[in-house]
Amino acid sequence: MGTDDRRKIIIDCDPGHDDAIAILLAVASPKIELVGITTVAGNAEVDKTTMNALKVCEIAGLRDVPVAKGAGQPLVRRRETASDIHGDTGMDGPELPAPTKTAVSEHAVDFLIRELLASDGDITLVPVGPLTNIAMAMRKEPAILPKIREVVIMGGGTFGNWTPAAEFNIYVDAEAAKIVFESGVPITMFGLDLTHQALATEEVQARIKGIGNRVSDFVVELLQFFMQTYKEVFGFDGAPIHDACCVAYCIDPTLFGCRKLRVDIETKGEFSYGMTVVDMLGVTGKEPNANVALQLDRDRFWTMMVDTLNNYAKKV
Ligand code: BDR
Ligand code: CA
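Draft legend 1. Up close: the overall build of the chain. Secondary structure summary: the chain contains 13 helices and twelve strands in total. In terms of overall dimensions, the chain is globule-like: its C-alpha atoms have a radius of gyration of 18 Å, near the 20 Å expected for 316 residues. Reported as C-alpha extents along the three principal axes, the dimensions of the chain are approximately 50 × 45 × 40 Å. Looking at the chain as a whole, 59% of its 316 residues are labelled buried. Across the chain, the fraction of contacts at a sequence separation of at least 24, relative to all contacts at a separation of at least 6, is 82%. A gap of 3 Å separates the mean positions of the 31 positive and 44 negative side-chain charges of the chain.

As structure tokens, then:
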């Protein structure tokens, strides 16, 4: 694939073990042009997720791509973080040196607006944390809407991991999610139905360890911590690398089986706040507003992951 065919993306994230892997995958892929990284409060407070993003850039050897810090609070609700899953720093486990790179002074929301308005409509947004920055950008400058090629979201599903009904990213800022899902822009949703199929088991980790470069060693350290908390909290035999699925889709959409479905966001329910209500049988009669990823080709997915991370042997 030539340089001109690379897919332009902005990753909006809250690193986060799986966020880090998403960034590392994007940097290493010859099919992706990473335009920028924006950060948001989610797994930890925004100062921590921004610091983690900068550390990931450092280990990836990424110097020229801007990191812009974004919203520290959800639009309406009180902030919640996921320290039981990701640790107090949001990315506990690996010991990394302080980064030399700093965040740009521009706010993430203004960065998103400026980049989108200046684009040819060819930028894909990849939000893998709460949707606060994306919703704020849409509200602040609606002229960005027709400029967005696609929003590839990690969030939601037909069941929850934060409450029985709600997945963490959507629950933390359901009002923001509602704005995004009702925006009319093309959306592909990677919910838990899909991301739990992307389980980094011991066998997968052994394959990644076998790559033997600095980044693959770091990924294994991330996965060891993440796997431990997923075992303790959910009884899983591996770590689902949720956020990396969105980047994998930008690299090769044929890895996924998707269906066009109606997805509404619950913002009122007593037990269902933050739920993505997915109309699997078309009972609402409403037009689909999302391409929902439901099936993963596991073999090809892990082969692509390992092959792509292998590029760091030459790069770093
Ligand atoms: C999502 O929440 C976070 O803990 C992960 O980084 C992922 O984006 C999974 O529910
Ligand atoms: Ca995340």
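There's plenty left to go through after this.
Draft legend 2. Layout of the packing of aromatic side chains. Tallying each qualifying case throughout the model produces eleven aromatic pairs. When the centroid spacing of 5.5 Å and the interplanar angle of 65° are considered together, the rings of Phe190 and Tyr249 count as edge-to-face. Here Tyr249 lies in helix α11 (residues 242-251) and Phe190 lies in strand β6 (residues 187-190), a separation of 59 residues in the sequence. With respect to burial, Phe190 and Tyr249 carry one shared label: buried. The rings of Phe190, Tyr249, Phe256, Phe301 and Trp302 are connected pair by pair, giving a single aromatic cluster. Between the NZ or CZ atom of Arg77 and the centre of the ring of Tyr273, over which it lies, the distance is 3.7 Å.

Draft legend 3. Highlighting the sheet that holds strand β1 (residues 7-13). Here eight strands make up an open sheet; going across it, the order is β3-β2-β1-β4-β5-β6-β12-β9 and the pairing mixed. Every interior strand has two partners, whereas the edge strands, β3 (67-69) and β9 (256-261), have only one. Between one strand and the next, the sheet's axes are offset by a mean angle of 25°, whatever the strand orientation. Sheet topology note: the strand β2 (residues 32-39)/β3 ladder contains three bridges and is parallel. For Ile37, the partnering residue across the bridge sits in β3 and is Val67. Across the sheet, helix α1 (residues 17-28) lies against β1 and β2, angled at about 160° from β1, the strand it touches most.

Draft legend 4. Fine view of the coordination of the calcium ion (ligand 2). Coordination of the calcium ion (ligand 2) by the protein is provided by Asp14 (OD), Asp19 (OD), Asp19 (OD), Val128 (O) and Asp243 (OD), with metal-donor distances spanning 2.3 to 2.7 Å. The sequence pattern formed by the donor residues of the calcium ion (ligand 2) is D-x4-D-x108-V-x114-D. Taken as a pair, Asp14 in the loop between β1 and α1 and Asp243 in helix α11 lie far apart in primary sequence, 229 residues in all. Here Asp14 matches Asp243 in class, with each residue buried.

Draft legend 5. Up close: the layout of surface pockets. In this model, the largest pocket occupies a volume close to 200 Å³. For the largest pocket, the lining is made up of 21 residues, of which Asn43, His86, Asn161, Phe168 and Tyr230 are closest to its centre. Residue assignment for the lining of the largest pocket shows that the elements contributing at least two residues are α1, α3 (83-86), α6 (168-172), α10 (214-234) and α11. In terms of residue count, the dominant contributor to the lining of the largest pocket is α10 (four residues). Broken down by class, the residue content of the lining of the largest pocket amounts to ten nonpolar, five polar and six charged.

Draft legend 6. Looking closely at the packing of helix α4 (residues 108-118) against helix α5 (residues 132-140). Orientation of α4 relative to α5, taken along the N-to-C sense of each, is 60°, at an axis distance of 9 Å. For the element pair α4 / α5, the angle class is oblique. Between α4 and α5 lies a crossing of right-handed hand. Contact residues: α4 offers Ala108, Val109, Asp110, Leu112 and Ile113, while α5 offers Asn133, Ile134, Met136, Ala137 and Lys140. Considered class by class, the residues forming the contact of α4 with α5 number seven nonpolar, one polar and two charged.

Draft legend 7. Spatial organisation of the pattern of salt bridges. Under the defined criterion, the tally for this structure stands at 15 salt bridges. A salt bridge links Arg7 to Glu150, with the shortest nitrogen-to-oxygen separation between them at 2.6 Å. With Arg7 in strand β1 and Glu150 in strand β5 (residues 148-154), this pair connects stretches of sequence that are 143 residues apart. For the pair Arg7 and Glu150, one class covers both residues: buried. Of the charged contacts, one joins Lys140 and Asp110 as a salt bridge, the two residues approaching to 2.7 Å between their closest N and O atoms.

Procedures and definitions
- Residues numbered from 1 in each chain as written.
- Chains lettered and ligands numbered in written order.
- Predicted model: local features only at pLDDT ≥ 70, side-chain atom pairs only at ≥ 80, totals over all residues.
- Heavy atoms only, no water.
- Helix = DSSP H or I, 4+ residues; strand = E, 2+ residues; numbered from the N terminus.
- Rg over C-alpha atoms; globule rule 2.2 N^0.38 Å.
- Buried < 20%, exposed > 50% of the residue type's maximum accessible area, 1.4 Å probe, protein only.
- Contact = heavy atoms within 4.5 Å.
- Lys, Arg positive; Asp, Glu negative; His and termini not counted.
- Charge placed at Lys NZ, Arg CZ, Asp CG, Glu CD.
- Phe/Tyr/Trp six-rings, centres within 6.5 Å; stacked < 30°, edge-to-face > 60°.
- Lys NZ or Arg CZ within 6 Å of the ring centre and 35° of its normal.
- Pairing = 2+ DSSP bridges.
- Axes fitted to C-alpha atoms, helices over the stretch in contact; angles between N-to-C directions.
- Donors = N, O, S within 2.8 Å, 3.2 Å for Na, K, Ca; no water.
- 1 Å grid on protein atoms, 1.4 Å probe; cavity = no way out; pocket = protein on both sides within 12 Å on 5 of 7 lines; lining within 4 Å.
- Points joined across faces, edges and corners; volume = space filled by probe spheres on them.
- Nonpolar A, V, L, I, M, F, W, Y, C, P; charged D, E, K, R; others polar.
- Parallel < 35°, antiparallel > 145°, perpendicular 65-115°, else oblique.
- Left-handed = near helix turned anticlockwise from the far one by under 90°.
- Salt bridge = Lys/Arg side-chain N within 4 Å of Asp/Glu carboxyl O.

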